[in-house]
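So the chains spell out like this:
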Amino acid sequence: MQNTLAQISLKRIRENATLIKRAAGAPLIAVVKDDAYGHGAERVALALHGVADAFAVATVDEGASLRCAGVSEDILVLTPPLCREEVLRISSYNMIAPLTSFFVLKLALSVTEEEEIPLRVHIAVNTGMNRYGFQPRRIAEVLKKTGTFSVEGVFSHLYAPASEAHLNAQMKLFQEAADRVKEIYPDAKSHLAATGGILAGVKADMVRAGIALYGYSPDGFKVADVKPAMKIYASVAHNGRTVGNGLGYKIEENMPQRAHTLRLGYGDGFFRDEGKLCMDAAVVSGYARTGTRKLVLKDVSEYAKRHNTTEYEALVNVSRRADKSYDE
């Protein structure tokens, strides 16, 4: 009972995925990067078998862990390979590499030609986010050098799907690039929309959903009917009558007569809250029975807003050191 406990409903994640896939009307790439936003990537991916058509992860290590857990669907790695070993692992685990730059293209060609191994790729296009991807005007040049790869997709990412002007500009650039790719690789699947893009009505061959799977909406949108899948509990490690004027490191002028200590702190990924949280403990006013568990976080949206951050950041942080319990 030393760690916080994340109670996670896989049933809700499946229901959320089904809703968002139905809304998109397209095959679903379920984004399970960063341990499925803290929900446990292997368990979430296995639970989405039959709902998700493919998965997206941040790193080669994350993808390899899914394969070792028995995930058989396609796995797209979103961070480009940066060394020989990563190209080899993507190929050996039958994952899909993102072609994001001429550096990556040269590296992948060198490894695959020298080792005589196949490599499945999706071509990334920079349509304005400036995170990864080739400039649209250079796609024709890229396509001249991809003959040894299995080019199975082309993708980009929306940076402001709630803004019609920015959305339309990105969609135009992406469609032009996707059309060029499909001239050479007609079976390549295009995907541009994450959750926000899905809700904005962006159409392509596939969609990538992340935050909606876990019950939350991106900025500027509201996903109807999706429900949060995680609750966080912490153990009561101490309770008693108070002495002096401290609640943790915070000076409290109106001291309560009793306080209790939760085994939860900023070492577990929670915000310090004006000194009430220590690194591994939180001092709270009132009585609670030592040895019991207490629900400490249910509404991540409210918590994120209170701390001027997003649900994305809050979810991956508060589950950082938590034990996970699953409701199938």
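Shown above is the structure to which this text applies.
Each value, and the rule that gives it
Residues numbered from 1 in each chain as written. Predicted model: local features only at pLDDT ≥ 70, side-chain atom pairs only at ≥ 80, totals over all residues. Heavy atoms only, no water. Core = buried A, V, L, I, M, F, W, Y, C linked by side-chain atoms within 4.5 Å. Buried < 20%, exposed > 50% of the residue type's maximum accessible area, 1.4 Å probe, protein only. Helix = DSSP H or I, 4+ residues; strand = E, 2+ residues; numbered from the N terminus. Contact = heavy atoms within 4.5 Å. Pairing = 2+ DSSP bridges. Salt bridge = Lys/Arg side-chain N within 4 Å of Asp/Glu carboxyl O.

Chemist: Hey, could you run me through the nonpolar core in this one?
Modeler: Most often, soluble globular proteins keep nonpolar side chains buried together rather than apart. Val 32, Leu 48, Phe 55, Leu 66, Ile 123, Phe 149 and Val 181 are the most contacted members of the largest nonpolar core, which totals 100 residues. The element best represented in this core is helix α6 (residues 102-115), accounting for six residues. If we ignore the near neighbours within four places in the chain, the residues touching Phe 55 are Ile 29, Ala 30, Val 32, Ala 45, Leu 48, Leu 66, Val 71, Glu 73, Asp 74, Ile 75 and Leu 76.

Chemist: It is not clear to me how the pairing of strand β2 (residues 28-31) should be interpreted in this structure. Could you clarify?
Modeler: Along a regular strand, successive side chains alternate from one face of the sheet to the other. Residue alternation in β2 divides its side chains into two sets, Leu 28 and Ala 30 and Ile 29 and Val 31, and both sets are buried. By the bridge criterion, three bridges tie β2 to strand β9 (residues 207-209) in an arrangement that is parallel. Within β9, the position partnered with Ile 29 by the bridge is Arg 208. Relative to strand β3 (residues 54-57), β2 runs parallel, the two sharing three bridges. By the bridge assignment for β3, Val 31 is matched with Ala 56.

Chemist: Explanation requested: the pattern of salt bridges in the structure shown.
Modeler: A side chain of one charge can pair with a side chain of the opposite charge when the charged atoms of the two come close. Under the counting rule described, the total for this entry stands at 14 salt bridges. Between Asp 268 and Arg 321 there is a salt bridge whose closest N-O contact spans 3.0 Å. Note that Asp 268 is positioned in the loop between β13 (258-262) and β14 (282-285) and Arg 321 in the loop between α11 (311-318) and β16 (323-327), a separation of 53 residues in sequence. Classification of Arg 321 by relative accessible area gives partly exposed; the value is 33%. Of the charged contacts, one joins Glu 302 and Arg 306 as a salt bridge, the two residues approaching to 3.1 Å between their closest N and O atoms. Placement of both Glu 302 and Arg 306 in helix α10 (residues 300-306) is noted, with a separation of four residues, approximately one turn of the helix. Of the residues examined, Arg 306 reaches a relative accessible area of 47% and is grouped as partly exposed.

Purely spatial values, then, with no claim about function.
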